[in-house]
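Results of the structural survey
Take a look at the letters that make up each chain.
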Amino acid sequence: MSGFVFAEKPIAIESGEGVTLTADDGTEYLDFGASYACTPVGHCHPTVVEAVQTQASELLFVQGSYPVEARTTLYERLADLAPGDLDNVWLCNSGTEANEAALKFARSATGASEIVATRGAFHGRTMGSLSATWKPKYKTPYEPLLSDVTFVEYGDAEALSAAVSAETAAVLLEPIQGEGGVNPAPAGYLETAREVTRETETALIFDEIQTGLGRTGSMWACENDSLTDAPVVPDVLTTAKGLASGLPMGATLCADWIAESAGSHGSTFSGNPLVAAAANATLSVIEDDALAANAETVGSYLHSELADSALPIDEVRGEGLLVGLEVGRGANRVVRDLALDHEILALPAGRTVVRALPPLTVEPAHADAFVEALETVLTATAEQ
Ligand SMILES: *Cc1c(COP(=O)(O)O)cnc(C)c1O
C-alpha cells in the first residue's frame, strides 16, 4: 500500500537534525515540509530526545486510570495553552482520532446529529472524520459513510449560516484549509461561524491540526489577527501532527458544556507517558524559543520575497510558515524537481499548489534557498 514519494529515486532518510534531513548516501536535504508539519521544533531536538530517553528508561506505559506525571503535566499545559476556556483535554494518538472524538462529543453534548463541513476540507481518514473530508478519492471506496454531513463552500459566510440549524451538532472548520490548497478563512468568516453556532447551540469545532502550535505566527490560528479582529474561541479545538514532534499524539480541547456530556469515549493509549513526555518537551521548546514569533518573522520574510520575485506564481496564500504557492501547473512535478535537483523537500497541496511548511526554527537564509531553487525549477518548467 505504501509508495515512495519519488518512485524514480526513493530518498532513504537516515537521520535528521534541525531543518536538515540526511539520506543514506550522505545527501543533505533542507526540510521545507516538516513531514506535514510534524516537526515544529526541528528534527531530533535535544530537549525532545532527552525527554523521550528519560521517560523510556523510567516508564513506557501504564493504563490511563493511574495518574502519571508526564500525562498530568500535559493536561495542564494544554489547558493553559488552549484558547479561551477550552481547558478540558482529551488525548489520543492521531489527528483523525482527535476529530473523531470532537464529532462524538458534539453529538452527545447537543443531542443533534448533523454535521456541517466545507468543500476542500481534510479532517482525517477514519469513518467519522472521513465523512467530513471533501475529496471523493479518499471516500468513495469506503461508502456509505455518515449520511448527515452537509458540505458548504469554504469562506462563504452566507452559505454556512444557511446550512446551520438546531439539528446541527457540529460545524467543523480549518481556520486555514491545509490539504485543500492553503485557503485562509476570509475576513469575518470565523466570526460568522461563531455567531451562527452560538444561536443554534451547535458545537463549533476548529481543526487546528495543521494550523496550530505556532505555525501561523500565533499559538492557534483562531487567535491570529491576520484572520480575525479578535480571537474566535470555538467549543472544541483539535490538534495533532507536531504536538509530540511526530510521535503519535492528538488532542481534543473542549469547553465545559462539551466535556460535561462527553459520554463514554476512551482509548487504551490515551496520553501514554512516552509520547506525553515528547509532547511536553515539544511544547516547552515552542514556548521557550518563541517559535510562533519566529514563524511570523520568517513567514513574513518568505511571503515578501516570493511576492517581490519574478517567479511565475499566480498567488501566494497562507500565514506564517503555512504557505501555499499557486504555480498553475503540476505541483507534484515542481516538488519532485525541488527535491531531486535542489535537495529541498516541499509538499504539494492539490494539483496546482506547492506548500511550504518548514520547521518553525527555520531561518531567513533557508527561505532564500527555497525561493532561489523555486526560481530555477519554475523557470525550467515554464520553458519546456
Ligand atoms: C493531517 C490532518 C488531519 C489528520 O491527521 P492524522 O494524524 O493523519 O490522522 C486532520 N486534519 C488536518 C487539518 C490535517 O492536516
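Residues numbered from 1 in each chain as written. Predicted model: local features only at pLDDT ≥ 70, side-chain atom pairs only at ≥ 80, totals over all residues. Heavy atoms only, no water.

A short note on the site of the ligand
What counts here: By convention in this text, a residue qualifies as near a molecule or strand provided that one of its non-hydrogen atoms is within 4 Å of it. Under this definition, polar contacts are N or O atom pairs within 3.5 Å; protein pairs additionally need one hydrogen-donor-capable and one acceptor-capable atom, and for neighbouring residues in sequence, both atoms have to be side-chain atoms. Strands here mean DSSP runs of E at least two residues long; helices mean DSSP runs of H or I at least four residues long; both are numbered from the N terminus. The nonpolar class holds Ala, Val, Leu, Ile, Met, Phe, Trp, Tyr, Cys and Pro. Asp, Glu, Lys and Arg form the charged class, and all remaining residues, Gly among them, are polar.
Around the ligand, the neighbouring residues are S94, G95, T96, N99, F122, H123, G124, E174, D207, I209, Q210 and K241. With respect to the ligand, the backbone of F122 contributes an N or O atom lying 3.2 Å from a nitrogen atom. One of the side-chain N or O atoms of D207 is found 2.7 Å from a nitrogen atom in the ligand. No other element matches helix α4 (residues 95–110), which puts three residues into the shell around the ligand. Taken together, the residues of the shell around the ligand break down into two nonpolar, seven polar and three charged.

Notes on the environment of L243
Put simply, the rule reads: Burial status follows relative accessibility: with a 1.4 Å probe on protein chains alone, a residue under 20% of its type maximum counts as buried, one over 50% as exposed, and anything between as partly exposed. Residues count as neighbours in contact if any of their non-hydrogen atoms are within 4.5 Å of one another.
Residue position: L243 is located in the loop between β11 (236–239) and β12 (250–254). Here L243 falls in the buried class, since its relative accessible area comes to 0%. Ignoring sequence-local partners within four residues, the contact set of L243 consists of L78, L213, M249, G250, A251, A279, T282 and L283.

Topic: the domain arrangement of the protein chain
For clarity, the cut-off: Domain segmentation is taken from an automatic or database assignment of domains. Take the accessible area each of two parts loses on contact, using a 1.4 Å probe, and add the two losses: that sum is the buried area. Any Lys or Arg side-chain nitrogen found within 4 Å of a carboxyl oxygen on Asp or Glu counts as a salt bridge.
One can read the domain layout of the protein chain as domain 1 (13–44 + 291–383) and domain 2 (46–288). Centre-to-centre separation of domain 1 and domain 2, based on C-alpha positions: 25 Å. With 28 residues of domain 1 at the contact, the number on the domain 2 side is 29 residues. In this assembly, domain 1 packs against domain 2 so that about 2,100 Å² is buried in total across both faces, 63% of it on carbon and sulfur atoms. Scanning the region where domain 1 abuts domain 2 turns up one salt bridge. The partner of E179 in a salt bridge is R355, with the nearest N and O atoms 3.1 Å apart.

A short note on the sheet that holds strand β1 (residues 13–17)
To keep it simple, the criterion reads: The rule for pairing is simple: two strands pair if DSSP sees at least two bridges between them.
Pairing in this open sheet of four strands is mixed, and the strands run β1-β2-β3-β15 from one edge to the other. The open sheet has two free edges, formed respectively by β1 and β15 (344–345), since each of these has just one partner strand. Relative to strand β2 (residues 20–23), β1 is paired through four bridges, and the arrangement is antiparallel. Residue pairing in the sheet places E17 in a bridge with T20 of β2.

Some words on the side chain of N280
Following the sequence through the fold, N280 ends up in helix α10 (residues 273–288). Under the relative-accessibility criterion, N280 is labelled buried at 9%. The residues touching N280, leaving out its near neighbours within four places in the chain, are A70, T73, L74 and R77.

Digging into a nonpolar patch on the surface
Our working rule: Two joining distances apply to patches: 9 Å for like charges and 5 Å for nonpolar side chains (Val, Leu, Ile, Met, Phe, Trp, Tyr), and every residue must have over 30% relative accessible area and no salt bridge. The Shrake-Rupley method, run with a 1.4 Å probe sphere, supplies the accessible areas, and residue values consider only the shown protein chains as cover.
A cluster of nonpolar side chains, L60, F61 and F269, forms an exposed patch at the surface whose accessible area comes to about 300 Å². Inspection of the secondary structure assignment puts L60 in the loop between α2 (46–58) and α3 (69–81).

Comments concerning helix α11 (residues 291–308)
Condition: Multiplying one less than the number of residues by 1.5 Å gives the expected span of a helix. This arc is built from the directions going out from the helix axis to the C-beta atoms.
Its 18 residues give α11 an end-to-end C-alpha distance of 25 Å, which sits within 8% of 26 Å, the value for a rise of 1.5 Å per residue. Every buried residue belonging to α11 is among L291, A292, A295, V298, G299, L302, H303 and L306, and all of these are buried. Along α11, the residues classed as buried sweep out an arc of 145° about the axis, all on the same side. For α11, exposure combined with an orientation more than 90 degrees from the buried face picks out T297 and D308.

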